[in-house]
Amino acid sequence: MTVRFVIPQIFRANVILSGIVPDRIVVLLYNAHLLRCGSRQNVPIRPDGSLFFVSFQLRLPEFFLIKQRRMLLKIIYLGDVVGRAGRDVVLHNLPSMREKYKADVIIVNVENAAHGFGVTQGIAREFLERGADVLTTGNHVWQQRDIIPFLDESKRIVRPLNYPDNAPGRGAVEFELASGKKILVTQVLGRVFMDSVDNPAFVLDRLLKNYTLNRNIAAIFVDVHAESTSEKLSIGHYLDGRVSIVAGTHTHIPTADAHILNGGTAYITDVGMCGNYDSVLGFDKQAPIDRLCQRYNGNRLEVCRSGGTAWGIVVQTDDHTGLAKTIEQFCLKDESK
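Since the model is a prediction, treat every value here as computed from it, not as a measurement.

**Quick notes on the packing of helix H2 (residues 83-101) against helix H3 (residues 121-129)**
Right, on to step 1. Where H2 contacts H3, the axes come no closer than 10 Å and their chain directions differ by 25°. In terms of their interaxial angle, H2 and H3 are classed as roughly parallel. Two secondary-structure elements touch here, H2 through Arg87, Val90, Leu91 and Leu94 and H3 through Ile123, Glu126 and Phe127.
Right, on to step 2. For the contact of H2 with H3, the residue count by class is 5 nonpolar, no polar and 2 charged.

**A short note on helix H6 (residues 229-239)**
Right, on to step 1. Taken residue by residue, H6 has Glu231, Lys232, Ile235, Gly236 and Leu239 as its buried positions. One face of H6 carries all of its buried residues, which in axial projection span an arc of 140°.
Right, on to step 2. Two residues or fewer after H6 comes glycine 241, characterised by a positive phi angle close to 90°.

**Section: the packing of aromatic side chains**
Right, on to step 1. Enumeration according to the criterion identifies 4 aromatic pairs in this entry.
Right, on to step 2. Relative to tyrosine 163, the ring of tryptophan 142 has its centre 5.4 Å away and its plane inclined at 45°; by these criteria the two rings are tilted. Here tryptophan 142 is found in the loop between strand E9 (134-136) and helix H4 (148-153), whereas its partner tyrosine 163 is found in the loop between H4 and strand E10 (172-176), with 21 residues between them in sequence.
Right, on to step 3. Above the ring of tyrosine 238, the side-chain terminus of arginine 242 is found at 4.9 Å from the ring centroid.

About the thresholds
- Residues numbered from 1 in each chain as written.
- Predicted model: local features only at pLDDT ≥ 70, side-chain atom pairs only at ≥ 80, totals over all residues.
- Heavy atoms only, no water.
- Axes fitted to C-alpha atoms, helices over the stretch in contact; angles between N-to-C directions.
- Helix = DSSP H or I, 4+ residues; strand = E, 2+ residues; numbered from the N terminus.
- Parallel < 35°, antiparallel > 145°, perpendicular 65-115°, else oblique.
- Contact = heavy atoms within 4.5 Å.
- Nonpolar A, V, L, I, M, F, W, Y, C, P; charged D, E, K, R; others polar.
- Buried < 20%, exposed > 50% of the residue type's maximum accessible area, 1.4 Å probe, protein only.
- Arc of directions from axis to C-beta.
- Phe/Tyr/Trp six-rings, centres within 6.5 Å; stacked < 30°, edge-to-face > 60°.
- Lys NZ or Arg CZ within 6 Å of the ring centre and 35° of its normal.

Structural data, given as structure tokens:
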């Protein structure tokens, strides 16, 4: 297109083009030359008295460097909270965590928060009141019976999607952010060395028929609660490009493979637990050692009560695509005592 300016000797213009919200577009002319216009090409102009006139063919990709304002959504996910040690380190750090990472949403897996097995209604409420936005669970979701009515009552906690449809609670929830945008949070159980449940790929396909990134949902988060690393990886690649994040839980050990898949989905095989790492998966070491050496199962597992470390991930997703831009692992120790 042809652009004609009537300008003084030094002219600086902010330009807004229809349909584009740029951070800044600057045209600078001085001494009858266009000094900077994206490609930095000099375009001669002819003086006429005190004004300069310029007329040239403008091709936007060549002449103007247009920087669109792109928003990043920041999502924190914390792995399996195990017992009091895990609860304390997460609850004490939630406010500082949100501030440090400028998180838009914090999701916490509370699968083992109550004495190492499941979560009570009171503990779930405390997490939500202290700053968690959405809670996920796992295969121990039914072990604390008083959580069952809360699963139906609250729209901020999910149980595995591949349990029967008539099971208490929801397999997926939409959480509305302060901006008005929504994030979908869901969870599936693996089937290798786990309970007999529906195929996780099939139930996720049914769910995702209703959602498209950047069309009717800002981000999609999937927790894969499973034993097998190969099963988690397979699900991650299966969902690549259709969801924002696939994060594994259940094994309690953080894996060193946080990365973005080829299609733009952030992936990690296991986030790790929030609990005492001088332990066996958050439980006092002696009973598991006795079982190892003596093949004796009489000793009761006792969950650790202090010395917690929280492992999690923070993911930035592109507001324009819903896909991941970065994924970072982090750990925080309980410094409150």
